[in-house]
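Residues per chain are reported as follows:
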Amino acid sequence: MPALDGMRILDMTQFEAGTCCTQSLAFLGADVVKIERPNFGDPGRGRSAGNSIDREYFINWNSNKRSVTINLQDPAGRELLLKMLPNYDVFVENYGPGVMEKLNLGYEVMSEINPQLIYARIKGFGTTGPHAHYKCMDMVAQAAAGAFSITGNPDGPPMRPGPTTGDAGTGMQAALAITAAYAQRLRTNRGQSIELSMQEAMTYYLRTAVSSTGFGARPTLRSGNGSNPFMALYPCAPGGANDYIFIMAVNQRMWDGVCQTIEKPDLFARPEYETPRQRHVNASGLYNEIAEWTKTKTKRECMSLFAEAGVCASAVYQTNELFSDPHLQERGFIKEIDHRDYGNVRILGWPSRMSESKVEPVAAPLLGEHNDEVLMTDLGISRSELGRLRDKGVIGGEEVDRLEAKAAG
């Protein structure tokens, strides 16, 4: 049985922070019903007039969910959502400041209908404080948390980090909080509200950097790729943009492993490298000694040789190389799914491996794909009533029509 089998989630999220949260819970077995705007849906789908094909971005963040389209600006649509509420354990939203208040769908309103509801909100700067009304996305949160300031070369400007931890990192923290609230509800029979500020959540990933501030007395400096030859990037053959190996040798045994691997076991016997201080003073020469060897090997060869010698090291993987990595393939991390528009495609799997819980990936839903299925099950709505709601524009029907046409054709 999946770990969260039986947990039901109303997902009113968009783009990444909220969608990451609900996807992670879906991978643990929760039933996630994504509420979207008719015709366009989650902006992450990348829909526009005349385009009904979802972006790869949306497909990667919304697998294992069901989609229902409701026009929440229509009073009848809002009422429909509130009628669904007693069937769910969790509600998650990450809309911009003031949107839920404008729709009158705050925690007070929803908890009155379902006192056991766990209501989770993800906001850029939280719901209180002087910045609460500021809009925010991933990199804004990272800038506000200090991540830009520690990324880049010491003599260069701050640099935008690569991973989207402002969004996905916050989403994972929200999923943890929801799971904890769910466990608490099993004991107390009470729901609760959960709020996450993306700025605050992002600081959790900077705690190591913050630990060098003297408890806030001075800034953490940028170090770039580092000046320590034993914690550095080295160029590899054939010299492409990402043909590099990163070595992180943190003790004498690993240092010796580096020397053995590059076939210079007596390197530290040379006067200029004999002591730690001399190695520091002559760091550039030591770096060149190692780079001279790495340039003759591919990054994969370097990774294998260093790792087998007990050195902590990795090739610099390009994102597309993850799909062909034999290690990830053997571990079953690369998954194949069948998508109605894209056919058979590969996606990355879920990293947590639980001996008593397993959920296989299912393709991200088409917009409004599960309108009939969910509304008929949750509310007992007849097909004729569903047709009336479609005609009035309360729920969408464009994907239902497309699916039926495709099935007929």
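Now for a quick tour of the structure.

Scoring rules and cut-offs
Residues numbered from 1 in each chain as written. Predicted model: local features only at pLDDT ≥ 70, side-chain atom pairs only at ≥ 80, totals over all residues. Heavy atoms only, no water. Helix = DSSP H or I, 4+ residues; strand = E, 2+ residues; numbered from the N terminus. Buried < 20%, exposed > 50% of the residue type's maximum accessible area, 1.4 Å probe, protein only. Areas by Shrake-Rupley, 256 points an atom, 1.4 Å probe, with all protein chains shown as cover. Lys, Arg positive; Asp, Glu negative; His and termini not counted. Charge placed at Lys NZ, Arg CZ, Asp CG, Glu CD. Arc of directions from axis to C-beta. Contact = heavy atoms within 4.5 Å. Polar contact = N/O pair within 3.5 Å; in protein donor to acceptor, adjacent residues only side chain to side chain. Phe/Tyr/Trp six-rings, centres within 6.5 Å; stacked < 30°, edge-to-face > 60°. Lys NZ or Arg CZ within 6 Å of the ring centre and 35° of its normal. Pairing = 2+ DSSP bridges. Axes fitted to C-alpha atoms, helices over the stretch in contact; angles between N-to-C directions. Core = buried A, V, L, I, M, F, W, Y, C linked by side-chain atoms within 4.5 Å. Parallel < 35°, antiparallel > 145°, perpendicular 65-115°, else oblique. Left-handed = near helix turned anticlockwise from the far one by under 90°. Nonpolar A, V, L, I, M, F, W, Y, C, P; charged D, E, K, R; others polar. Salt bridge = Lys/Arg side-chain N within 4 Å of Asp/Glu carboxyl O.

**Considering the overall build of the protein chain**
Okay, step 1: Secondary structure summary: the protein chain contains 17 helices and 11 strands in total.
Okay, step 2: Overall, the C-alpha framework of the protein chain stretches about 85 × 55 × 45 Å when taken along its three principal axes.
Okay, step 3: For the protein chain, the residues scored as buried account for 44% of the 409 residues in total.
Okay, step 4: Counting every atom, the protein chain has about 21,200 Å² of accessible surface; 53% of that belongs to carbon and sulfur.
Okay, step 5: Distance between charge centres in the protein chain, computed from 42 positive and 48 negative side chains, equals 3 Å.

**A look at helix α13 (residues 299–308)**
Residues lying three or four places apart along an α-helix face the same way, a consequence of the helix completing one turn every 3.6 residues.
Okay, step 1: Within α13, burial applies to K299, C302 and F306. Projected down its long axis, α13 shows its buried positions confined to an angular sector of 55°, all on one face.
Okay, step 2: Those residues of α13 hidden inside the fold are in contact with β8 (244–248), α10 (252–261), α12 (283–294) and β9 (313–315).
Okay, step 3: Positive backbone phi, approximately 85°, marks G310, located one or two places after α13.

**Remarks on α10**
Okay, step 1: Listed in full, the buried residues belonging to α10 are M254, W255, G257, V258, C259 and T261.
Okay, step 2: Residues of α10 that are buried make contact with β8, α11 (276–281), α12 and α13.
Okay, step 3: Between the side-chain oxygen of the N-cap and the backbone nitrogen of R253 there are 3.2 Å, and the N-cap of α10 in question is N251.
Okay, step 4: Of the residues one or two after α10, E263 is the one with positive phi, at around 65°.

**Concerning the packing of aromatic side chains**
Okay, step 1: In the structure shown here, the tally under the stated rule is 9 aromatic pairs.
Okay, step 2: Judged by centre distance (6.0 Å) and plane angle (80°), the ring pair of F125 and Y134 falls under edge-to-face.
Okay, step 3: What makes F125 buried here is its relative accessible area of 12%.
Okay, step 4: Three or more aromatic residues link up through ring pairs in this structure, and these residues are F91, Y107 and Y119.
Okay, step 5: It is R279 that lies over the ring of F268; its NZ or CZ is 4.1 Å from the centre.

**Some words on the sheet that holds strand β4 (residues 90–93)**
Okay, step 1: One open sheet accounts for 6 strands, arranged β3-β2-β1-β4-β5-β6; its pairing is parallel. Edge positions in the sheet fall to β3 (66–69) and β6 (192–197), since each of these pairs with one other strand and no more. The mean inter-strand angle of the sheet, taken between neighbouring strand axes irrespective of direction, is 20°.
Okay, step 2: The pairing of strand β1 (residues 8–12) with strand β2 (residues 31–36) spans 4 bridges and is parallel. Of the residues in β2, the one forming a bridge with I9 is V32.

**Some words on the nonpolar core**
Okay, step 1: Membership of the largest hydrophobic core comes to 27 residues, with the highest contact counts inside it found for L10, I35 and M110.
Okay, step 2: Of all the elements in the fold, those that place two or more residues in this core are β1, β2, α3 (75–84), α4 (99–103), α15 (371–379) and α16 (383–391).
Okay, step 3: Ignoring any residue separated from it by four or fewer positions in sequence, one finds M110 in contact with L81, L82, L85, F91, L105, L117 and Y119.
Okay, step 4: Counting residues in each nonpolar core, the second largest holds 26 residues, with C21, V32, I122 and A181 among its members.

**Remarks on the sheet that holds β9**
Sheets are built from strands that pair by backbone hydrogen bonding, the pairs being arranged parallel or antiparallel.
Okay, step 1: The strand order β7-β8-β9 describes an open sheet built from 3 strands, whose pairing is antiparallel. Each of the sheet's edge strands pairs with one partner strand only, and the pair in question is β7 (231–235) and β9. Recorded for the sheet is a direction-independent mean angle of 15° between the axes of neighbouring strands.
Okay, step 2: Across the sheet, α12 lies against β7 and β8, angled at about 40° from β7, the strand it touches most.

**Remarks on the packing of α3 against α15**
Okay, step 1: Remark: α3 packs on α15, axes separated minimally by 10 Å, with the N-to-C direction vectors making an angle of 60°. Classified by the angle their axes make, α3 and α15 are oblique. Read as a crossing pair, α3 and α15 show a hand that is left-handed. From α3, L80, K83 and M84 reach across to α15, where they touch V374, L375, D378 and L379.
Okay, step 2: A class-by-class count of the residues in the contact of α3 with α15 yields 5 nonpolar, no polar and 2 charged.

**Quick look at the pattern of salt bridges**
If charged atoms from side chains of opposite charge come close, those side chains can pair.
Okay, step 1: One pass over the full model with this rule turns up 23 salt bridges.
Okay, step 2: Put simply, D11 and K65 hold a salt bridge, and the shortest N to O gap is 3.3 Å. Here the residue D11 occupies a position in strand β1, and K65 occupies one in the loop between α2 (56–61) and β3, the gap between them amounting to 54 residues.
Okay, step 3: By relative accessible area, which is 0% here, D11 ends up buried.
Okay, step 4: Judged by relative accessible area, which is 4%, K65 ranks as buried.
Okay, step 5: Where R121 meets E101, a salt bridge forms, and the shortest distance between an N and an O atom there is 3.0 Å. Of this pair, R121 sits in strand β5 (residues 118–123) while E101 sits in helix α4, and the two are 20 residues apart along the sequence.
Okay, step 6: Exposure remark for E101: the relative accessible area of 47% places this residue in the partly exposed category.

As far as function goes, none of this settles anything; it's purely spatial.
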